[in-house]
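Secondary and tertiary structure notes
Below are the chains, spelled out letter by letter.
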Amino acid sequence: MTSLQEENEKLRARITALEAANNTSSTAVAAPSINSPTDPKDFQEWGQNILSWLVEYRTKCQDLPVISTVKPNYLRDALPNSAPEKGEPWENIMKDLDTIIVPGLTHWESQKRFFAYFKPHASYPAVLGETLCAGLNVMGFDWIASPACTELEVVTLDWLAKILNLPSCFLSSDSGPGGGVIQGSAGESATVVLTAAIEKMRPKTKDQHEMSVNSGPLRRDLMVVYGSDQTHTIVKKACMILGVRWRPLPTTKEYNWSLQPDVLQHAIAEDRANGLIPIACIATPGTTSSCTFDPIALLSQVCHDESAGNDLWLHIDAAYGGAYACLPELASKFEGIDQADSFCVNCHKKLLCPFDLAALYVRDRDPILRALSVDSEYLRNEASDSGAVVDFEHWQLPLGRRFRALKLWFVLRRFGKEGIIQHVRNGIVLRDVLVKLITNHVDLEIAAPPSLSLVCFRVKCSPNTTVEEGNEVQHRLLRDLKQTGKCFVIHTKLGGEVVIRMACGGIEQTEDDIMFAWNVIDELSQGRSVC
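In this report, we go over the structure that sits alongside the text.

Calculation criteria
- All residue numbers here refer to positions counted from 1 along the written sequence of the relevant chain.
- The predicted origin of the model limits local features to residues at a pLDDT of at least 70 and limits the giving and counting of side-chain atom pairs to 80 or more, whereas totals for whole chains, interfaces and linings rest on all residues.
- Excluding hydrogens and water, the side-chain values take into account all heavy atoms of the structure.
- Each helix is a run of H or I in the DSSP string that is no shorter than four residues. Each strand is a run of E no shorter than two, and both are numbered from the N terminus.
- Only protein chains enter the calculation, and the probe is 1.4 Å; a residue is then buried if its accessible area is under 20% of its type maximum, exposed if over 50%, and partly exposed in between.
- Contacts are residue-level and defined by heavy atoms, with any inter-residue pair within 4.5 Å sufficient.
- In these tables, accessible area is a Shrake-Rupley quantity obtained with a 1.4 Å probe, and a residue counts as shielded only by the protein chains included in the view.
- Think of each axis as a best-fit line through the C-alpha atoms, taken over the contacting stretch in the case of a helix, with angles from 0 to 180 degrees between the N-to-C directions.
- Each helix crossing is assigned a hand: it is left-handed if the near helix lies turned anticlockwise from the far helix by less than a right angle, otherwise right-handed if that turn is clockwise.
- Side-chain classes are defined by residue name, with Ala, Val, Leu, Ile, Met, Phe, Trp, Tyr, Cys and Pro counting as nonpolar, Asp, Glu, Lys and Arg as charged, and the others, Gly among them, as polar.
- Counting rule for charge: Lys and Arg are taken as positive, Asp and Glu as negative, and neither His nor the chain ends is counted.
- The salt bridge definition used is simple: a Lys or Arg side-chain nitrogen within 4 Å of an Asp or Glu carboxyl oxygen.
- Contacts described as polar in this section are N or O atom pairs within 3.5 Å, which, within protein, must combine one atom able to donate a hydrogen with one able to accept it, while residues neighboring in sequence count only if both atoms come from side chains.
- A pair of strands is labelled paired if DSSP reports no fewer than 2 bridges between them.
- Among buried residues, those of type Ala, Val, Leu, Ile, Met, Phe, Trp, Tyr and Cys that are joined through side-chain atoms within 4.5 Å constitute a nonpolar core.
- Buried and open spaces are told apart on a 1 Å grid over the protein atoms alone, a cavity being a set of points where a 1.4 Å probe fits but cannot get out and a pocket being an open set with protein on both sides within 12 Å along at least five of seven lines. Residues with an atom within 4 Å of a point are the lining residues.
- Grid points are joined across faces, edges and corners, and a volume is the space filled by probe spheres set on the points.

What to know about the overall build of the chain
Along the backbone of the chain there are 17 helices and 11 strands. Summarising its shape, the C-alpha atoms of the chain cover approximately 100 × 65 × 45 Å along the three principal directions. Here the chain, with 531 residues, has 48% of them falling under the buried criterion. For the chain, long-range pairs separated by at least 24 residues make up 71% of all intrachain contacts whose partners lie at least 6 apart in sequence. For the chain, the exposed area adds up to about 26,300 Å²; of that, 55% sits on carbon and sulfur atoms.

Put into structure tokens, the structure is as follows:
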């Protein structure tokens, strides 16, 4: 027998053994039991139990310490070193959820204790939408992957744009090249639009600068993005990722910490004189620190001033404040949006959706498509090749995407336009309750003009108090508030001075909730003023 024949015999023997093993295993597979994680009845029973658990938790967390008191790495000591060898019953898992996980939570859904950051609003309809999103498990990178995933996103984002009174240039149903897309966050959105801003400059920079092996035809190291010292740090991170320069411009108390057009114009002219390339400006309606509004219309004039040679991409980072565009009484705050190149609002901040759902609108999709489109043979299909459909894989950084539009669709249908407006407006009503209490307090003062649902305040200090001494007074109050577990607020700095931020909620929060937190603040503030 030759060596080749011997190898063939060995191969036949291996195939015979594999077939025998397959036959044995196929007969050994039992039907899933009621306790099997693949059993639909098990899923249905415990799905109902977990929904009930969530409802109970949202009631119970109102009376729990709002900030967890666990020590770092507590879970490492509480859980085994390795995953279990065999599957465990749900009863054991839920017991650990109650006794191990919940004690390590900060309770973001506590209406009368959580006033930090910006109050989140994960409404029940959106939570159910999130559940469906996971259960359907759609990978909606292009239209053919699930037409309903793409088309519901197009429709619901147009609905939302109309509720927010956005200009028609941002609608997918408009005849122009604009439209909306769901991103994961305002940070992702900023990265996407700044990538588009870079791409938009390609014809200009290609002739201005020599091509380099290190920098490529686009000299990103010379490109500059502008914003204010109040602009969210997500923009700085986006610039770091993209390799462009971030220039935060100074703001002053005189203009309520908003970016002024003359400051922007001076910076653009200065950088251009030094051989740099201005490409974009970020305007914020509702900054994180104090909810101040940058003057969008005036900044737009600077960005698009042809006489000065300006053609900057103007991005509106309305992550929190954008929700308030639905209120007619605040329409003047959003003047100039029709001149912007892009607009982003986080639906997971104020628009009743759980994280992650950021609605990004662009005036012209072409720079994004040129910058982010990929051409993989295995993704080609007749619908995409025809150009008749939208493939959102080319509008974002990753390829895959979740069916997040379900969350927004459920919210828009269950609450309606009127319910959303009521929710947003109620936050301002509650803010005004808090403003009145602080204004009449002997030891506290308003630290910045109240805006949207945010109040900035501080312990009163005499003119002779140094900034450092005054800041320590504020930090002591914050530490004492945190230790109570009854009121979670955070601080920021305006002009170097520490101020305390308190962000009110919306439709699910009441004046009684505000008073609960206020009583804690009032008691701990007595006699703290430095006068």
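Some words on the packing of helix α5 (residues 124-136) against helix α15 (residues 405-439)
Where α5 meets α15, the axes come as close as 8 Å, and the angle between the chain directions of the two elements is 150 degrees. Relative to α15, α5 is oriented so that their crossing is right-handed. Contacts from P125, A126, L128, G129, E130, L132, C133 and L136 of α5 reach α15 at L406, K407, F410, V411, R414 and F415. In the contact of α5 with α15, the residues fall into 10 nonpolar, one polar and three charged.

Examining the side chain of D341
Its place among the elements puts D341 in the loop between β5 (313-317) and β6 (342-346). Look at D341: it is buried, it has no salt bridge, and the nearest opposite charge is K200 at 4.1 Å. Side chain to side chain, D341 and H304 meet in a polar contact 3.4 Å long. Here the side chain of D341 touches L314 through a polar contact of 2.8 Å, landing on its backbone nitrogen. The residues touching D341, leaving out its near neighbours within four places in the chain, are F170, K200, H304, L312, W313, L314, Y361, V362 and R363.

Remarks on the sheet that holds strand β9 (residues 454-459)
In spatial order, the strands read β8-β9-β11-β10; together these four strands make up an open sheet with antiparallel pairing. Each edge of the open sheet is held by one strand with a lone partner, namely β8 (444-446) and β10 (490-494). Sheet twist, expressed as the average angle between the axes of neighbouring strands with direction ignored, equals 45 degrees. Bridge count between β9 and strand β11 (residues 497-503): four bridges; the pairing is antiparallel. Residue pairing across strands places L454 opposite A503, the latter belonging to β11. The sheet strands contacting helix α17 (residues 511-525) are β8, β9 and β11, and the helix crosses β8 at an angle near 125 degrees.

A word on the nonpolar core
Of all hydrophobic cores here, the largest spans 108 residues; its most connected members are V225, L264, I279, Y324, F343 and Y361. Top contributing element to this core by residue count: α15, with nine residues. Excluding residues within four positions of it along the chain, I279 makes contact with A197, I198, M201, M223, V224, V225, L312 and W313. The next biggest cluster of nonpolar side chains, apart from the first, holds 24 residues, and it includes F115, V435, F457 and L478.

Here we look at the environment of D271
Mapped onto the elements, D271 comes out in helix α10 (residues 261-273). Note: C-alpha distance between D271 and M223 (48 residues apart in sequence) is 9.4 Å. Those residues within four positions of D271 in sequence are excluded, and the remaining contacts are V224, Y226, R247 and L276.

Observations concerning the pairing of β6
Of all five residues that make up β6, five are buried, and the element is covered over most of its length. Of the two faces of β6, the one carrying S342, C344 and N346 and the one carrying F343 and V345 are both buried. In this structure, β5 lies alongside β6, joined through three bridges in parallel fashion. For H315, the partnering residue across the bridge sits in β6 and is S342. As judged from the five bridges shared by β6 and strand β7 (residues 358-362), these two strands associate in the antiparallel manner. In the sheet register, V345 faces β7, and the bridge partner there is A359.

What about the layout of surface pockets?
As a volume, the largest pocket reaches approximately 540 Å³. In this structure, the largest pocket is lined by 30 residues; those nearest its centre are F118, H232, N346, H348 and K349. Those elements that provide at least two residues to the lining of the largest pocket are α7 (186-200) and α12 (347-350). Along the lines of polarity and charge, the residues of the lining of the largest pocket split into 14 nonpolar, 12 polar and four charged. Empty space within the second largest pocket amounts to approximately 380 Å³. As for the second largest pocket, its lining consists of 16 residues, and the residues nearest its centre are W53, L54, Y57, R58 and E109. Looking at the lining of the second largest pocket, the elements with two or more residues in it are α2 (40-60), α4 (90-101) and α5. In terms of residue count, α2 provides more of the lining of the second largest pocket than any other element does, four residues in total.

Brief notes about the side chain of K112
Structurally, K112 can be placed in the loop between α4 and α5. Among the polar contacts made by the side chain of K112, one reaches the side chain of D63 at a distance of 3.1 Å. Apart from the residues within four sequence positions on either side, K112 is in contact with Q62, D63, K486, D513, F516 and A517.

Topic: the sheet that holds β6
With mixed pairing, the seven strands of this open sheet are ordered in space as β1-β7-β6-β5-β4-β2-β3. Each end of this open sheet is capped by a strand with a single partner; those strands are β1 (179-183) and β3 (245-249). With strand direction ignored, the average angle separating the axes of adjacent strands in the sheet is 20 degrees. Both strand β2 (residues 223-228) and β3 contribute to a ladder of five bridges, which runs parallel. Looking at β3, one finds that V225 is bridged to W246.

On their own, these measurements won't tell you what the molecule is for.
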